[in-house]
Amino acid sequence: MSTGRNLLIASVVLNVFLAGALAGGAVWIKRGKPAQGYSLEAAGGRLPDQQRTLFRKALREVRQESREIIRDGQQARREAADLLRQPVLDTAALAAALERARNADVTVRTRLEQRIIEFAAAGSAEDRSLLAEGLSRRAGPQPSTPPKKSP
């Protein structure tokens, strides 16, 4: 009787796990892709299909061309993490590692932005408007300006 009871418990646990996986999968499929966050690529999400494909391809090319810089930035972040784990903190080495990571990020971001400028310059006013909407949406709501105080 104990073996049958154990099998029943295992079956119930397995069925609950499978039901959760199916429900989670259904929600994921219904929502589509996970939120794209604040990436520059997400700004082109509302472009017409052909333009969106070209936009993403252009940004992917920049990332491919910048692979070495991206790796250098990742390595610098790993070095910074290793330095933070040391019993005695070498602040100069940590600052240098973080600066290398920041410089790599800025270089890649600058290249991506330049490619977006080139894409926008070659596109239509309608496509530029869609890109503007995407950037605005990703920037969040515009802060309200406080009323000016009278002297």
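This section reports on the structure supplied with the text. (Residues numbered from 1 in each chain as written. Predicted model: local features only at pLDDT ≥ 70, side-chain atom pairs only at ≥ 80, totals over all residues. Heavy atoms only, no water.)

1. With respect to the overall build of the chain
Test applied: Numbering of helices and strands runs from the N terminus, with a helix taken as a DSSP run of H or I at least four residues long and a strand as a DSSP run of E at least two residues long. Relative accessibility under 20% of the residue-type maximum defines a buried residue, over 50% an exposed one, and the middle range a partly exposed one, all with a 1.4 Å probe and only protein chains included. What makes two residues a contact is simply this: any of their non-hydrogen atoms within 4.5 Å. Residue exposure ignores everything except the shown protein chains as possible cover, and the areas themselves are Shrake-Rupley values with a 1.4 Å probe.
Counting secondary structure elements, the chain contains five helices and zero strands. From first element to last, N terminus to C terminus, the chain shows the α and β order α-α-α-α-α. Here the chain, with 151 residues, has 22% of them falling under the buried criterion. Restricting the contact set of the chain to residue pairs at least 6 apart, pairs at least 24 apart contribute 64%. A total accessible area of about 11700 Å² is found for the chain, and carbon and sulfur atoms account for 60% of it.

2. Points about the side chain of D127
Let me state the cut-off plainly: The sign given to each residue is positive for Lys and Arg and negative for Asp and Glu; His and the chain ends receive no count. Salt bridges, as used here, are contacts in which a Lys or Arg side-chain nitrogen is within 4 Å of a carboxyl oxygen on Asp or Glu.
Its location among the elements puts D127 in helix 5 (residues 125-139). An unpaired buried charge is present at D127: no salt bridge exists, and R128, the closest side chain of opposite charge, is 8.0 Å distant. With residues up to four places along the chain from it excluded, the contact list for D127 reads L47, P48 and Q51.

3. A closer look at helix 3 (residues 67-85)
Since the α-helix packs 3.6 residues into each turn, any two residues three or four apart lie on the same face. Stated precisely, the cut-off is as follows: Here the expected span of a helix is defined as 1.5 Å times the quantity of residues minus one. The arc under discussion is defined with respect to the helix axis, by the directions toward the C-beta atoms.
The terminal C-alpha atoms of helix 3, which comprises 19 residues, lie 27 Å apart, in line with the 27 Å expected from a rise of 1.5 Å per residue. For helix 3, every residue scored as buried is listed here: I69, G73, A76, A80 and L83. An end-on view of helix 3 places all buried positions within 80 degrees of arc, on one side of the element. Where helix 3 is buried, its residues meet helix 4 (91-122).

4. Structural notes on the packing of aromatic side chains
Condition: The criterion for an aromatic pair is that two Phe, Tyr or Trp rings (for Trp, the six-membered ring) have centres within 6.5 Å, with stacked assigned to planes under 30 degrees apart, edge-to-face to planes over 60 apart and tilted to the rest.
Overall, the coordinates contain one aromatic pair when judged by the stated rule. Ring geometry for F55 and F119: centres 5.1 Å apart, planes at 65 degrees, overall edge-to-face. A residue pair is termed long-range when its members are at least 10 positions apart, and F55 in helix 2 (residues 49-65) and F119 in helix 4 qualify at 64 residues. For F55, a relative accessible area of 1% puts it in the buried group. When its relative accessible area of 13% is taken as the criterion, F119 is described as buried.

5. Points about the packing of helix 2 against helix 4
How we decide: Here the axes come from fitting lines to C-alpha atoms, over the contacting stretch only for helices, and the angles between their N-to-C directions go from 0 to 180 degrees. The scheme is simple: roughly parallel for angles under 35 degrees, roughly antiparallel for over 145, roughly perpendicular for 65 to 115, oblique for anything else. Take the far helix as your reference; a near helix turned counterclockwise from it by less than a right angle gives a left-handed crossing, and one turned clockwise gives a right-handed crossing. Classes in brief: Ala, Val, Leu, Ile, Met, Phe, Trp, Tyr, Cys and Pro nonpolar; Asp, Glu, Lys and Arg charged; the others, Gly included, polar.
Here helix 2 crosses helix 4 at 150 degrees, and the two axes come no closer than 9 Å. With respect to helix 4, the axis of helix 2 lies roughly antiparallel. In this structure, helix 2 crosses over helix 4, and the sense of that crossing is right-handed. Within the contact between the two elements, helix 2 uses Q51, L54, F55, A58, L59, E61, V62, R63 and E65 and helix 4 uses R111, L112, R115, I116 and F119. Residues that form the contact of helix 2 with helix 4 fall into these classes: eight nonpolar, one polar and five charged.

6. Thoughts on the pattern of salt bridges
Side chains that differ in charge, positive against negative, can pair when their charged atoms come close. Summed over the entire model, instances satisfying the criterion amount to 10 salt bridges. Close ionic contact of R115 with E61 constitutes a salt bridge, the shortest N to O distance being 3.1 Å. Here E61 lies in helix 2 and R115 lies in helix 4, a separation of 54 residues in the sequence. On the basis of relative accessible area, E61 is assigned to the partly exposed category, the value being 34%. Between R115 and E65 there is a salt bridge; the shortest N-O distance is 3.3 Å. Taken together, the residues span a long stretch of sequence, with R115 in helix 4 and E65 in helix 2 at a distance of 50 residues. Salt bridges sharing common partners tie together E61, E65, R115 and E118.

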